Amino acid sequence: MGVRGLQTFMERCCPDACVVVNLREVANQHVSKNQDCPPTLVVDGMACLRHWYRCRDWSCGGQWREYMDALKTWVETFTAAGIRLVFFFDGVVKEQKRPEWVKRRRRVNGEVSKIFHHIKTHKQQPGRQLFCLPSGLATFTSFALRSLGQEVFCTVQEADYEIASYACQHSSLGVLGQDSDFLIYDSAPYFSVEKLRLESLTTILYDRHKLCQSLALVVTQLPLLACLLGNDVVSEEKMHHIRNEAMATYRWFTVFIYSVFVDHFTFVLVSYVMENRVEWINKRAISSPGEKILLHQALLQEDEVVLASVPAFERDESALIPEGLNLSGSQREMLQRGVGSYLLPGQWGHTPAPISAPAFDKHVSPEVLKVLSLPHPCLLRLRACREKHMAAEGFMVYGVVWEGVIECSNTLEDEYEPELVPQALVYKPCRQLIYGLLLLDGKDDTLSDPPAVREWFVYPGNSLQEPDMVHPVPLASAGAKPRLDLLWFGSGPEVAALRLTSFLSIFDCLDYFELYGKVEDSLLVALCLLTYISLQIKSLSEEDLDAYLSQAVCLRRKSVQELQQIKLPWLCSRAVQLGSLYVRGLSHLLGANCASGGPLPKAALMPWHSFDGRLFHLKYLLAHGGVEKAVLLESDVSSSLSLFLSLREKLTEACRKQGRILESRPH
């Protein structure tokens, strides 16, 4: 998130530091100066999601093929300009940032409630002011970009830090994102994705050097400035006492507090300046409407220095904290920790903290350690797990094994819909089996100290005061339980069969083993997911399943243009929730596939192969409207209808074997 309001302050008070640039021209200049280094733009993928996703009916679960088409166009535009792209996506939520994560999730919960209220009242989705990204967008976007031939990384540390580090170490053209922390890091130039115009490749460069000139600072002092103002690491509230002490400490310098009111947010900028800068700053501030200046003269011992005179750092972050600040040991440690979070590897002698061992190292089998050639268990690294995660080739596995924690952001779920269970609870049984595969590793559930995964899942009724502690469950099978070393590193037809069996067992779909290779992989995925949902949600009707299955069958023959031309007469709030439920399910299938050693190609698990929100919504309205199956399948009797009826029969039979009888209940 960075320093709240800093970019707004720059735009209002330091316009010279906000430069309109053409990225094509910037790239050409880069090539002329660095002929051996191709112009590389490091992209903050999470910051770009709203910029990328512009599809019309966003509330229906996602127009995934249309989104894929937009991503392809975006990438091709930069490629045509000779710009190489490297993408980073958040891979973990650090515990020190968990309170802020929870705060944002609660805020979005309020927005979700307003979305459903609007849909129920007006039978259409609200405007962009209540826009909510489709479920799983970040997860599936990283796979989408890899399928487009792009280099994608998933972070194991703070995402901003890894992005800035990569850009600095590789002499990149710049960072494309929307976070003021990229101003604070002494890294590559920072370009705004919010201001990006794709057709012309123009955007705004936020120039940290010109910002420092305006504030009479140097670039190496920006980390302390960020901490004094408050950021994700050091909150503004924790700095309040320190700012008051600073105002009472110095007599030769003046502390100015600018309160800039923008969209009801208050940005407080504390700048230590010499007395001969008072008149300049005073005029600058008064010239901007809505700004107030509070001048506080302060006392200072003659042998002490202030921020404006702190030299560039040669040792570590402690050199950044002025000795004249009257800080307690804990306060100084907090500031040093905050400042240190901005120091990149090799800068001012800074060395990143070592990455800790996996959370559940004692539950990993010796065979896995041997295959991975890992060091002593106290320094355990599940290298394969971590490498797949970093390369954005895996999902869920790293968070469970390495961190012992997993989170899921907001989903479009109606808290006043009594018939539909929240997705977090619907998919909890399959998650427990995934955890069992990863953590029990062939053992049964009689461990004296079974591990528990901390789940931070957002759903109606969960206050997020603390995580849900979820224990793993072993796969139910007549034979020996599958071991990770065999699933992940084994070979041969027997191992391939074991992988598929493990995957299907997680979703109670062993009956579909014989379908592998006989139906398209994406349809097998849809069949597994719909069977699991039917077994978990007793209120799911024949009409619901017909809508899901018919859109999966029809989607195979639809072009992006045909999907865009679909017109929805009105929106149903229940269908909105069912759309999000399906996409969340695909992410669970992806996690199960990774844990099982990859029996299915990842492409088959991507939503653009089995789901389109607008198409599903239309099929839902038709199915609950009582149309004939031939109409539901668009009169394609020879192909789509026969395939639909065949898959529907297998789904119905698989449910019947487990005592689940699907009934007709049109809404």
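Just so we're clear, the structure is a prediction, and the values are computed from it rather than from any experiment.

Focus: the nonpolar core
- Residues W52, W74, F78, F87 and L438 are the most contacted members of the largest nonpolar core, which totals 146 residues.
- The dominant element in this core, judged by the number of residues it contributes, is helix α24 (residues 573–595), at 12 residues.
- Of the domains in this structure, domain 1 (6–228) and domain 2 (374–658) are the two that each give at least three residues to this core.
- With residues near it in sequence (within four places) discarded, F78 still touches L23, L41, I83, L85, L176, L196, L198 and L201.

A look at the sheet that holds strand β4 (residues 151–154)
- Ordered in space as β1-β7-β6-β5-β2-β3-β4, the 7 strands form an open sheet in which the pairing is mixed. Whereas interior strands pair on both sides, the edge strands pair on one side only; in this sheet they are β1 (18–22) and β4. In this sheet, neighbouring strand axes are inclined to one another by 30 degrees on average, regardless of whether the strands run parallel or antiparallel.
- Summarising the sheet, β1 and strand β7 (residues 202–206) pair through 5 bridges and their orientation is antiparallel. Residue pairing for β7: V20 is matched across the bridge by I204.
- Sheet contacts for helix α4 (residues 64–80): β2 (40–44), β3 (84–89) and β5 (174–177); angle to β3, the most-contacted strand, approximately 140 degrees.

As for the packing of aromatic side chains
- All chains considered together, the criterion is met by 26 aromatic pairs.
- Here the aromatic residues Y53, W58, W64, Y67, F131 and F140 are joined through ring pairs into a cluster of three or more.
- Between the NZ or CZ atom of R98 and the centre of the ring of W101, over which it lies, the distance is 5.1 Å.
- Positioned over the ring face of F131 is R128, at 3.8 Å from the centre of the ring.

Topic: the packing of helix α5 (residues 98–122) against α24
- It is the contact of α5 with α24, at a shortest axis distance of 9 Å, that shows an interaxial angle of 140 degrees. The angle between the axes of α5 and α24 places the two elements in the oblique class. Here F116, I119 and K120 of α5 come into contact with α24, specifically with S573, V576 and Q577.
- For the contact of α5 with α24, a count of residues per class yields 3 nonpolar, 2 polar and 1 charged.

Observations concerning the side chain of T411
- By secondary structure assignment, the location of T411 is in the loop between β11 (405–408) and α17 (423–426).
- Look past the residues within four positions of T411 in its chain and what remains in contact with it is V112, S135, Q423, S580 and R584.

Details of unusual backbone geometry
- If you check the backbone angles, K123 has positive phi at about 60 degrees while not being a glycine.
- When you line up the elements, K123 lands in the loop between α5 and α6 (137–147).

Side note on the environment of N28
- Looking at the secondary structure, you find N28 in helix α2 (residues 23–33).
- As a C-alpha pair, N28 and G82 span 54 residues in sequence and 8.4 Å in three-dimensional space.

Digging into the pattern of salt bridges
- Following the criterion strictly, the structure yields 23 salt bridges and no others.
- K97 is the partner of E158 in a salt bridge, and the nearest nitrogen-oxygen pair spans 2.9 Å. Remark: K97 occurs in the loop between β3 and α5 and E158 occurs in the loop between β4 and α7 (159–169); sequence separation between them is 61 residues.
- Look at E158 and you get partly exposed, because its relative accessible area is 24%.
- For R98, the salt bridge is made with E407, and the minimal N-O distance between the two is 2.9 Å. Of the two residues, R98 sits in helix α5 while E407 sits in strand β11, which places them 309 residues apart along the sequence.
- Each of R56, D57, E66 and R614 takes part in salt bridges that share partners, so that together they form one network.

Rules used in this analysis
Residues numbered from 1 in each chain as written. Predicted model: local features only at pLDDT ≥ 70, side-chain atom pairs only at ≥ 80, totals over all residues. Heavy atoms only, no water. Core = buried A, V, L, I, M, F, W, Y, C linked by side-chain atoms within 4.5 Å. Buried < 20%, exposed > 50% of the residue type's maximum accessible area, 1.4 Å probe, protein only. Helix = DSSP H or I, 4+ residues; strand = E, 2+ residues; numbered from the N terminus. Domains from an automatic or database assignment. Contact = heavy atoms within 4.5 Å. Pairing = 2+ DSSP bridges. Axes fitted to C-alpha atoms, helices over the stretch in contact; angles between N-to-C directions. Phe/Tyr/Trp six-rings, centres within 6.5 Å; stacked < 30°, edge-to-face > 60°. Lys NZ or Arg CZ within 6 Å of the ring centre and 35° of its normal. Parallel < 35°, antiparallel > 145°, perpendicular 65-115°, else oblique. Nonpolar A, V, L, I, M, F, W, Y, C, P; charged D, E, K, R; others polar. Salt bridge = Lys/Arg side-chain N within 4 Å of Asp/Glu carboxyl O.

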